[in-house]
Amino acid sequence: MESVSLSAAERPALLHEYFERAARNWPDRVAIEVPPGIDRNERVTVTFKQLDEVASSIAAYLSAYVKAECIVAILLPRTSFHLYACQVGVLKSGAAYTCIDPNFPDEQLREILKDSEAVVLLTNSQGIERARQLGYDNAFDVTGDLPSELTLAAPAWLNDRNLAYIIYTSGTTGRPK
């Protein structure tokens, strides 16, 4: 079957494009709300505009690693708005993501990074330390300083047939698959 290249106007919208549209239409509306919890004293709210800015910075950072369809691993807790910014940022960069629960044992983390052939791991300072201990050196702390230069062009290869994400399950074997 021959591959047909469609312009952005001709093809179905991609996941991150729906988000970008929401950020344009409702920039000041709350996109993410994280309630107070065990490790959080206050409620955190992030607007669509704020989330889009962080996602775009992450995508700009990833442009050094994402040159074709590939996988980016994300190791962040669900209570971090950075998790969701990473997901959108990875999609904007043209890659697919796999989310790894920080509570997974080191061996499971190592197995997922190896099996997915992740080009980079987006995480926090604790995740960077874990990755280094596992011998994975290509990790970036997205909770720190992000690039402010936003020269972001839509990847030429990106279309509605590209992979968006991978989910690993352990099933009955206890090993990620």
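Up top is the structure.
The rules we used
- Residues numbered from 1 in each chain as written.
- Predicted model: local features only at pLDDT ≥ 70, side-chain atom pairs only at ≥ 80, totals over all residues.
- Heavy atoms only, no water.
- Helix = DSSP H or I, 4+ residues; strand = E, 2+ residues; numbered from the N terminus.
- Buried < 20%, exposed > 50% of the residue type's maximum accessible area, 1.4 Å probe, protein only.
- Contact = heavy atoms within 4.5 Å.
- Areas by Shrake-Rupley, 256 points an atom, 1.4 Å probe, with all protein chains shown as cover.
- Core = buried A, V, L, I, M, F, W, Y, C linked by side-chain atoms within 4.5 Å.
- 1 Å grid on protein atoms, 1.4 Å probe; cavity = no way out; pocket = protein on both sides within 12 Å on 5 of 7 lines; lining within 4 Å.
- Points joined across faces, edges and corners; volume = space filled by probe spheres on them.
- Nonpolar A, V, L, I, M, F, W, Y, C, P; charged D, E, K, R; others polar.
- Axes fitted to C-alpha atoms, helices over the stretch in contact; angles between N-to-C directions.
- Parallel < 35°, antiparallel > 145°, perpendicular 65-115°, else oblique.
- Left-handed = near helix turned anticlockwise from the far one by under 90°.
- Phe/Tyr/Trp six-rings, centres within 6.5 Å; stacked < 30°, edge-to-face > 60°.

Chemist: Which residues make up the overall build of the protein chain, and what values do they have?
Modeler: Helix and strand counts for the protein chain come out as five helices and seven strands. Reading the protein chain from its N terminus to its C terminus gives the helix and strand order α-β-β-α-β-α-β-α-β-α-β-β. Per-residue burial over the protein chain gives 42% buried out of 177 residues. Sequence-distant contacts, at least 24 apart, represent 64% of the contacts inside the protein chain between residues at least 6 apart. A total accessible area of about 10500 Å² is found for the protein chain, and carbon and sulfur atoms account for 50% of it.

Chemist: Got a sec to walk through the nonpolar core? Specific residues and values, please.
Modeler: Core analysis: the biggest nonpolar cluster contains 30 residues, and Ile58, Leu62, Val72, Ile74, Val90 and Leu122 have the highest contact counts within it. Looking at this core, the element that brings in the most residues is helix 2 (residues 48–62), giving seven residues. What Ile58 contacts, discounting residues up to four positions off in sequence, is Ala85, Cys86, Gly89, Leu122, Val142 and Leu146. Formed by twelve residues, the second largest nonpolar core is a distinct cluster that contains Ala73, Ile100, Ala131 and Tyr168.

Chemist: Please give an account of the layout of surface pockets that cites residues and values.
Modeler: Considered as a void within the structure, the second largest pocket measures approximately 420 Å³ in volume. Around the second largest pocket, the lining is made up of 20 residues, and of these Leu76, Arg78, Cys99, Ile100 and Asp101 lie nearest the centre. If you tally residues by element for the lining of the second largest pocket, the top one is strand 4 (residues 96–99), at three residues. Looking at the lining of the second largest pocket, its residues break down into 13 nonpolar, four polar and three charged.

Chemist: An account of the environment of Ile166 is needed here, citing residue identities and associated values.
Modeler: If you trace the backbone, Ile166 turns up in strand 7 (residues 165–166). Taking the C-alpha atoms as reference points, Ile166 and Ala73, 93 residues apart in sequence, are found 9.4 Å from one another. Dropping the residues within four chain positions of it, Ile166 is found in contact with Ile71, Tyr97, Thr98 and Cys99.

Chemist: Give me the lowdown on the packing of helix 1 (residues 15–25) against helix 2, citing residues and values where you can.
Modeler: Two packed helices can be described by the angle between their axes and the distance between those axes. Packing of helix 1 against helix 2 leaves a shortest axis separation of 8 Å and a crossing angle of 135 degrees. In terms of their interaxial angle, helix 1 and helix 2 are classed as oblique. For the pair helix 1 and helix 2, the crossing hand works out as left-handed. Residues Phe19, Glu20, Ala22 and Ala23 of helix 1 lie in contact with helix 2, whose contacting residues are Phe48, Leu51 and Asp52. Residue composition of the contact of helix 1 with helix 2, grouped by class: five nonpolar, no polar and two charged.

Chemist: Could you give an account of the packing of aromatic side chains, with specific residues and numbers?
Modeler: Centre distance and the angle of the planes are the two values used to describe a pair of aromatic rings. Within this structure, the stated rule accounts for four aromatic pairs. When the ring of Tyr61 is compared with that of Phe140, the centres are 3.8 Å apart and the planes differ by 15 degrees; the resulting orientation is stacked. Placement of the pair is Tyr61 in helix 2 and Phe140 in strand 6 (residues 139–141), with a sequence separation of 79 residues. Each member of the pair Tyr61 and Phe140 is classed as buried. Ring geometry for Tyr97 versus Tyr165: centroids 5.8 Å apart, planes at 25 degrees, classification stacked. Taken together, the positions of Tyr97 in strand 4 and Tyr165 in strand 7 put the pair 68 residues apart, joining distant regions of the chain. You can call Tyr165 partly exposed: its relative accessible area is 43%. Ring pairing ties together the aromatic residues Tyr61, Tyr65 and Phe140, which thus form one cluster.

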